[in-house]
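Residue strings, one per chain:
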Amino acid sequence: MRPPRLVLAKPGLDGHDRGIKVIAMALRDAGAEVIYLGLRVTPAQIAAATAAEDADAVGISVLSGAHLPIAEQVLAALRAAGLQAPLAVGGTISPPDAQALRRIGVAGVFPVGTALPAVVRGMLRLARPEAAAL
Amino acid sequence: MTTPPGGDQPAVTTDSGIPVAPVYTAADVADGPEALAKRLGRPGQPPFTRGPYASMYRGQLWTMRQFAGYGSAEETNARFRFLLEQGQTALSVAFDLPTQLGYDSGHEMARGEVGRVGVAIDTADDMADLFTGLPLYKLSVNFTINATAPVILATFLVAAERQGVQPDQLTGTLQNDILKEFLARKAYVFPPGPSMRLTADVVEYASGALPRFNPISVTGYHAREAGCTAVQELGLTMASAIAYCGELTGRGLAFDRFAPRLSFHFATTLDLFEEVAKLRAARRLWHRIATERFGATEPASARLRFFSGNSGTTMTAQQPLNNVIRSTIQCLGAVLGGAQSIHVMGYDEAFELPSEEAVTLSLRTQQVIALETGVTRTADPLGGSFFIEHLTDEIEARASDVMREIEDLGGAVSALEQGVPQRWITEAAYRAEQRLASGETPKVGVNVHVTEDDDRQAEFFQPDPGIEERQAERTRRRRAARDSSACSQALRRLEHDTAGGANVMPALVVAARAGATVGEMSDVFRHAFGEFREPSPW
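Predicted model, so just to flag it, every value in this text is computed and none were measured.

1. Considering the overall build of chain A
Consideration 1: Helix and strand counts for chain A come out as five helices and five strands.
Consideration 2: In terms of overall dimensions, chain A is globule-like: its C-alpha atoms have a radius of gyration of 13 Å, near the 14 Å expected for 134 residues.
Consideration 3: In terms of overall dimensions, chain A has a C-alpha envelope of 35 × 30 × 25 Å along the principal axes.
Consideration 4: The proportion of buried residues among the 134 residues of chain A is 54%.
Consideration 5: Taking all contacts inside chain A whose residues are at least 6 apart in sequence as the whole, residues at least 24 apart take part in 69%.

Here it is in C-alpha cells:
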C-alpha cells in the first residue's frame, strides 16, 4: 500500500506559515507524502493539485480569522472538480466557528493550541480512515 | 532536582542553547573590570550597551504603544481614542491583509480578509478618517506596513496635510522592512531587488522631508516568532540592517544622513535574562557595525533605539489568563533591556484580535511596571551582573557568527534568495514543537499542570460581516467623485518615475492626493516589477 498522500496549503492572504510547515515536517516523519503548495494559493489551485497528486486529504491553515469564507470556497472548488478528499482546517478557530466549519462539511478542525501529535494523528486518519491505528 | 555526582544530566542552557553555569563570578566576565567598562560605556555613551540615553526612563518613560486596528477607519479611530483615554502615549496601526498587499477592498483577492487583522485603507480619504480628531502634529504613529509602505506613507502625508500638519512635524515609525517579509512574516509582493529599492526610496525621501520620523524599523521579531533563536534573531536583524545601509550608501547617501533615524524591533520572550542580554548586545553590535563598517561619525548614527513586541507564540489557548503573567514578564524584560517603545500582547492573542478588555489589561501591565515597581529609577539596572555580562558577551559573539554565515552566502538578500535562513527558522520551529510535544520544554496548562475542563473564557472578536461590501462601496463612490484626469495623470507620472528609477515618493504623494487608491498605486509597481513567489521550502 502506498503511503498516505496529503496536500497542504495556505489559501487567502495570511502569511503565518510556521504551523503548517511544522505539521508538514511532522507528517513526513510519520511516513506520509506531503505536497505543500505554499502561500496565497487559490481554491482552484488547491483542487487542481489535489487531483493531479491523487491526494487522500487536504489541509489548509488560515490564521487571519478568515477560515469560514475560505473553507467554503475550497470545499466548493474540490466538489466542482468531483474530488472526495476530505478537508481539514487549522487556525485561530473559536468553538462556535469549529462547529460552523463541521456543518459546511469540513472533516477535521484543528484550532490553535491543538498538540502536534493530535494534528498528525487526525490528518492520517482523514487520509486513511481504514487504518485508524496509524 | 539534584545532580548526582558524575551523573549525565542534560546540559542546562538558555533558550538559544548557550550553556548556563550554576553560578557566575567575576572570573566569568572576560578580560577583567577595565575591559568590561570599555565594553559597557555609560548610558547614552558609546558603545551604548547600557542604553541609548543618559537618563533613560528618569528622563522619559518608554512609549506605550498597543498595536490596534480592525474593520473600517471609523472603528479603528474609536479604538485609538479609547486607548488614548486609557493613558496610552502613542498609536500603532494594524492594517488588514489586502492593504498590506496592495489590493483594494473590492478586489477578488481581498474576499474574506477586509478589516479582519487590521484596518482597511483604500485611499488617502480613509487615512484622513482614521486620524479624525487625533492631532498628528503631536501624536507619534507606528505603521506596521512593508511591501506597500511607500504607498501607505503617501496616504499618511496627505492625511497630515489635510490637518495642516507639515511633514517635518511628523513623528512615528514606518516598519518598511521588506527583508523580514521574505524571511518570516511573508507579506511580500514584489521580488527582493525592486523591494529593496522601494524601501530605500522611503528612507532616502524621509532623510530630507521627514527629519523626526523613523522611516524603517529593522525587525528580528518575526523571524523569532516564526521559530528562530534569540541569537539568530539578532544576527539576522543586523544582517538586514547592513543590507539596507549598503543599498543607501550605494546610492551615494551619506551614512550619517540617514542612520540616526533607523530604528529596530526585537521580540522579548520568556527567557528573561537571555532577552535582556540580547537587547544589550544588540546596542553594542550596532555601534560596532555603524562605526567600523559604515564609518559613522555622529554618535546618533551608532545609537540603537528599539521597539519591543511581546511574543505571541508564547501565548497559549489553554488557560488563557496565564498569558497575563507571561506578558508581564516579557514587558519587564523589554524595560530591563532598555526599550524605547513597547507593545504588550493581549491574553486572548492565541484566539483572535484583542478584545477591549484584553488590550486595556495590556496597557495596564505597562503602566503598573512603569509606575509601581521602581524599575525605572536607574539605567540598566542589571548591568554589571556577572551572569548578564557573560550572556551579553556570548550573544554578541554568537550573533556575529550568524552575521558571518549570512555574509558568506553573499549578504542578507542573497541568503534569503537561496532560502537558507528560512530553513534555519523552519527547522528551529520544528525542534521547538517536538520539545513541547515530548514535554522537554514545560508549558504550563499545555503539557504540565493541565486542567481537563479547560473552558476557554476568552471573548471572541467577530468582525462586522458587512464591512467588506461597505468599504468596497465607499471606495467605488470616492473613485467616481475624484478628478479622473488628474488622477490618471498622477498615476502616469508614477509609472514614469518607477520605470525611470527616480525616487517614487514624490509621485506617490501626488497620486494619493489626487485620490488614487492603494490598489491602483500598488498595481503600478506590480506591472513594473512583477510578483514574487516563494521557492519551495524543501
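2. A look at the overall build of chain B
Consideration 1: Along chain B, the regular secondary structure elements total 21 helices and 10 strands.
Consideration 2: Against the globule reference of 24 Å for 538 residues, chain B gives a C-alpha radius of gyration of 23 Å, in line with a compact fold.
Consideration 3: For chain B, the residues scored as buried account for 54% of the 538 residues in total.
Consideration 4: Pairs at least 24 residues apart make up 77% of the contacts formed inside chain B by residues separated by at least 6 positions.

3. A closer look at the sheet that holds strand 10 (residues 341-343) of chain B
Residues and elements named next belong to chain B.
Consideration 1: A sheet is described by the order of its strands in space; here five strands give the open sequence 1-10-9-8-7, paired in parallel fashion. With one partner strand each, in any of the chains shown, strand 1 (63-64) and strand 7 (216-219) form the two edges of the open sheet.
Consideration 2: Taken together, the three bridges between strand 9 (residues 306-310) and strand 10 define a ladder with parallel strand orientation. Of the residues in strand 10, the one forming a bridge with Ser308 is Ile342.
Consideration 3: Sheet strands in contact with helix 10 (residues 230-250) are strand 7 and strand 8 (262-268), and its direction is about 140 degrees off that of strand 7.

4. Concerning the interface of chain A and chain B
Consideration 1: Between chain A and chain B, the contact holds 24 residues from the first and 28 residues from the second.
Consideration 2: With four residues, the top contributor of residues to the side of chain A that touches chain B is helix 1 (residues 18-29) of chain A.
Consideration 3: Class assignment of the residues belonging to the side of chain A that touches chain B gives a composition of 12 nonpolar, eight polar and four charged.

5. Quick notes on helix 19 (residues 484-500) of chain B
In an α-helix, one turn spans 3.6 residues; hence positions three or four apart end up facing the same way.
Residues and elements named next belong to chain B.
Consideration 1: For helix 19, which comprises 17 residues, the first-to-last C-alpha distance of 24 Å matches the rise-based estimate of 24 Å (1.5 Å per residue) to within 8%.
Consideration 2: Listed in full, the buried residues belonging to helix 19 are Ala490, Leu491, Leu494 and Thr498. One side of helix 19 carries all its buried residues, which in axial view fall inside an arc of 95 degrees. Away from its buried face by more than 90 degrees, helix 19 exposes Ser485, His496, Ala499 and Gly500.

6. Quick look at the packing of helix 2 (residues 43-52) of chain A against helix 3 (residues 67-80) of chain A
All names here are of chain A.
Consideration 1: Between helix 2 and helix 3, the shortest axis-to-axis distance is 8 Å and the interhelical angle comes to 45 degrees. As the angle between them shows, helix 2 and helix 3 are arranged oblique. Remark: the crossing between helix 2 and helix 3 carries right-handed chirality. The residues of helix 3 that touch helix 2, namely those facing Pro43, Ala44, Ile46, Ala47 and Thr50, are Gln73, Val74, Ala76, Ala77, Leu78 and Ala80.
Consideration 2: Here the residues of the contact of helix 2 with helix 3 are counted per class, giving nine nonpolar, two polar and no charged.

7. Focus on the sheet that holds strand 5 (residues 172-174) of chain B
Hydrogen bonding along the main chain pairs the strands of a sheet, whether they run parallel or antiparallel.
Consideration 1: Strand order in the open sheet formed by five strands is 2-3-4-5-6 (chain B), with parallel pairing between adjacent strands. In the strand order of this sheet, the two ends are held by strand 2 (67-68) and strand 6 (213-214) of chain B, each with one partner.

8. A closer look at helix 14 (residues 356-372) of chain B
Residues and elements named next belong to chain B.
Consideration 1: Given a rise of 1.5 Å per residue, 17 residues ought to cover 24 Å, and the 23 Å separating the end C-alpha atoms of helix 14 matches this to within 8%.
Consideration 2: If you check which residues of helix 14 are buried, you get Ala358, Val359, Leu361, Ser362, Leu363, Thr365, Gln366 and Ile369.
Consideration 3: Packed against the buried residues of helix 14 are strand 1, strand 2, helix 3 (73-85), helix 13 (322-336) and strand 10.
Consideration 4: Immediately beyond the C-terminal end of helix 14, within one or two residues, lies Gly374, with a positive phi of roughly 80 degrees.

9. Brief notes about the packing of helix 19 of chain B against helix 21 (residues 518-529) of chain B
Packed helices, taken two at a time, are described by the angle their axes make and the gap between the axes.
All names here are of chain B.
Consideration 1: Where helix 19 contacts helix 21, the axes come no closer than 10 Å and their chain directions differ by 35 degrees. The handedness of the crossing between helix 19 and helix 21 comes out as right-handed. Judged by residue contacts, Leu491, Leu494, Glu495, Thr498 and Ala499 of helix 19 engage Glu520, Met521, Val524, Phe525 and Ala528 from helix 21.
Consideration 2: Residues belonging to the contact of helix 19 with helix 21 are distributed by class as follows: seven nonpolar, one polar and two charged.

10. A short note on the pairing of strand 4 (residues 87-91) of chain A
Walk down a regular strand and you will see the side chains alternate between the two sheet faces.
Residues and elements named next belong to chain A.
Consideration 1: Most of strand 4 sits out of view: five of its five residues are buried.
Consideration 2: Residues of strand 4 alternate between two faces, with Leu87, Val89 and Gly91 on one and Ala88 and Gly90 on the opposite face, all of them buried.
Consideration 3: In the sheet, strand 3 (residues 57-62) pairs with strand 4 via five bridges, with the strands oriented parallel. The residue of strand 4 that forms the bridge with Gly59 is Ala88.
Consideration 4: With respect to chirality, the unit in which strand 4 leads through helix 4 (residues 95-103) into the neighbouring parallel strand 5 (residues 108-111) is right-handed.

Calculation criteria
In this numbering scheme, every chain counts its residues from 1 along its sequence in written order. Throughout, the order in which chains and ligands are written sets their labels, letters from A for the former and numbers from 1 for the latter. Per-residue local features of the predicted model are confined to residues with pLDDT of at least 70, and side-chain atom pairs are confined, for both listing and counting, to 80 or more; whole-chain, interface and lining totals are unaffected and use all residues. Starting at the N terminus, helices and strands are each numbered in turn, a helix being any DSSP run of H or I of at least four residues and a strand any DSSP run of E of at least two. Note that the radius of gyration is over C-alpha atoms, with the globule rule given as 2.2 Å times the number of residues to the power 0.38. Burial is judged by counting the other C-beta atoms within 10 Å of a residue's own C-beta: 20 or more makes it buried, 12 or fewer makes it exposed, and any count in between marks it as partly exposed, with every C-beta position built from the backbone. Contact criterion: two residues are in contact if their C-beta atoms, reconstructed from the backbone, are within 7 Å. When DSSP locates at least two bridges between a pair of strands, those strands are taken to pair. Inter-axis angles, ranging from 0 to 180 degrees, are taken between N-to-C directions of lines fitted to C-alpha atoms, where helices are fitted over the stretch in contact. Lys, Arg, Asp and Glu make up the charged group, whereas Ala, Val, Leu, Ile, Met, Phe, Trp, Tyr, Cys and Pro make up the nonpolar group; the residues left over, Gly among them, are polar. By this rule, a helix spans an expected 1.5 Å times one less than how many residues it contains. Think of it as the arc spanned by the lines of direction from the helix axis to the C-beta atoms. Orientation labels follow simple angle bins: below 35 degrees gives roughly parallel, above 145 gives roughly antiparallel, 65 to 115 gives roughly perpendicular, and whatever is left gives oblique. Working rule for handedness: look at the near helix, and if it is turned counterclockwise from the far one by less than a right angle, call the crossing left-handed; if clockwise, right-handed. Seen with its strands pointing away from the viewer, a crossover is right-handed when the path leading from the first strand over the helix to the second is clockwise.

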